[in-house]
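Letter by letter, the chains look like this.
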Amino acid sequence: MIFYKYHGTGNDFIIIDNRKGDVIGISEELIRHLCHRRFGIGADGLLIMQHKDGFDFEMIYYNADGKTGTMCGNGGRCMVKFAYDLGIHNYTYKFLAADGPHEAEIDNHGIIRLKMVDVNSVEDVHGNCVLNTGSPHYVKFLNDLADANVVENGREIRYSSPYKKEGINVNFVQSLEEDEIFVRTYERGVEDETFSCGTGVTASALMSAHNYRGFNQVKVKTPGGMLSVEFTKIDEDQFENIWLCGPAIFVFKGETDLN
């Protein structure tokens, strides 16, 4: 099987082009093996590009634990760059993901702008925020994020009784400037801190809006690099025209024996 490796600000993925349907029967065990950083290729997740009528492609996402994932923002941007590298050159890309249709664009500097789903509700949990940006996210603000134990504290929230069954991604956020934040994320499915999480960055930026209403652009520093999120804030619980913006990088191409 031919595979490709891409990353979006350090959030790395194995990508398989399966538009012809040649690759079948990929099990949870095999995905865990492929994503293992010692015994496999190594990645935060596996992305499969499928043919889909009416779209440029369909994106199927699996977490590193082998289970089907929900929307992956950095993975979506990597898939758009992968499509471009395969020769699909469009002004606007349209693809289907677990949370529905998405649009994306690539600018002249190679930045991929990915349109995310609208957010229509935000839950207050002990002064912290829970919202869904294609995947469920818990957002907690801290004053000194560099010294935070993201794995221990994130795991405690992720496995607490409200979220233990389905899981939740936990984002720790520090405000740097009026329009810039620092985000570190504990991801379910990986069960560890990742260098970056696209849907988590999006959730954190929405909760950091500097304009009460109207257009916002928030720059986001992650351990893996810089992203930005553009959006329109309707009120405290509603956000529209949400775009996750940042680079997606080809790492290498290889082949592996599925047996």
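Below is a summary of the structure that appears in this document.

Reading the values: the criteria
- Residues numbered from 1 in each chain as written.
- Predicted model: local features only at pLDDT ≥ 70, side-chain atom pairs only at ≥ 80, totals over all residues.
- Heavy atoms only, no water.
- Salt bridge = Lys/Arg side-chain N within 4 Å of Asp/Glu carboxyl O.
- Buried < 20%, exposed > 50% of the residue type's maximum accessible area, 1.4 Å probe, protein only.
- Helix = DSSP H or I, 4+ residues; strand = E, 2+ residues; numbered from the N terminus.
- Phe/Tyr/Trp six-rings, centres within 6.5 Å; stacked < 30°, edge-to-face > 60°.
- Lys NZ or Arg CZ within 6 Å of the ring centre and 35° of its normal.

### Examining the pattern of salt bridges
Then, number 1: All told, the structure shown has 12 salt bridges when counted by the stated rule.
Then, number 2: Asp17 is paired through a salt bridge with Arg19; the nearest N and O atoms lie 2.9 Å apart.
Then, number 3: You can call Arg19 partly exposed: its relative accessible area is 34%.
Then, number 4: A salt bridge links Lys67 to Glu28, with the nearest nitrogen and oxygen atoms 3.6 Å apart. Here Lys67, found in the loop between strand S4 (57-63) and helix H2 (73-85), pairs with Glu28, found in helix H1 (residues 28-35); they are 39 residues apart in sequence, far enough to count as distant.

### Notes on the packing of aromatic side chains
Then, number 1: Per the stated rule, a full pass over the model turns up 8 aromatic pairs.
Then, number 2: Seen in terms of ring centroids, Tyr6 and Phe82 are 5.8 Å apart; in terms of plane orientation they differ by 70°. Their pairing is edge-to-face. Pair noted here: Tyr6 is in strand S1 (residues 2-8) and Phe82 is in helix H2, with a separation of 76 residues, a long-range link.
Then, number 3: The interplanar angle of 75° and the centroid separation of 6.3 Å between the aromatic rings of Phe13 and Tyr61 together place this pair among those described as edge-to-face. With Phe13 in strand S2 (residues 11-17) and Tyr61 in strand S4, this residue pair connects regions lying 48 residues apart in the sequence.
Then, number 4: Residue Phe13 is classed as buried on the basis of its relative accessible area of 0%.
Then, number 5: Here the aromatic cluster, defined as three or more aromatic residues joined through ring pairs, consists of Tyr4, Tyr6, Phe82 and Phe250.
Then, number 6: Over the ring of Trp243 we find Arg113; its NZ or CZ atom is 4.4 Å from the centre of that ring.
Then, number 7: The positively charged end of Lys221 is found above the aromatic ring belonging to Phe182, 4.9 Å away from the centroid.

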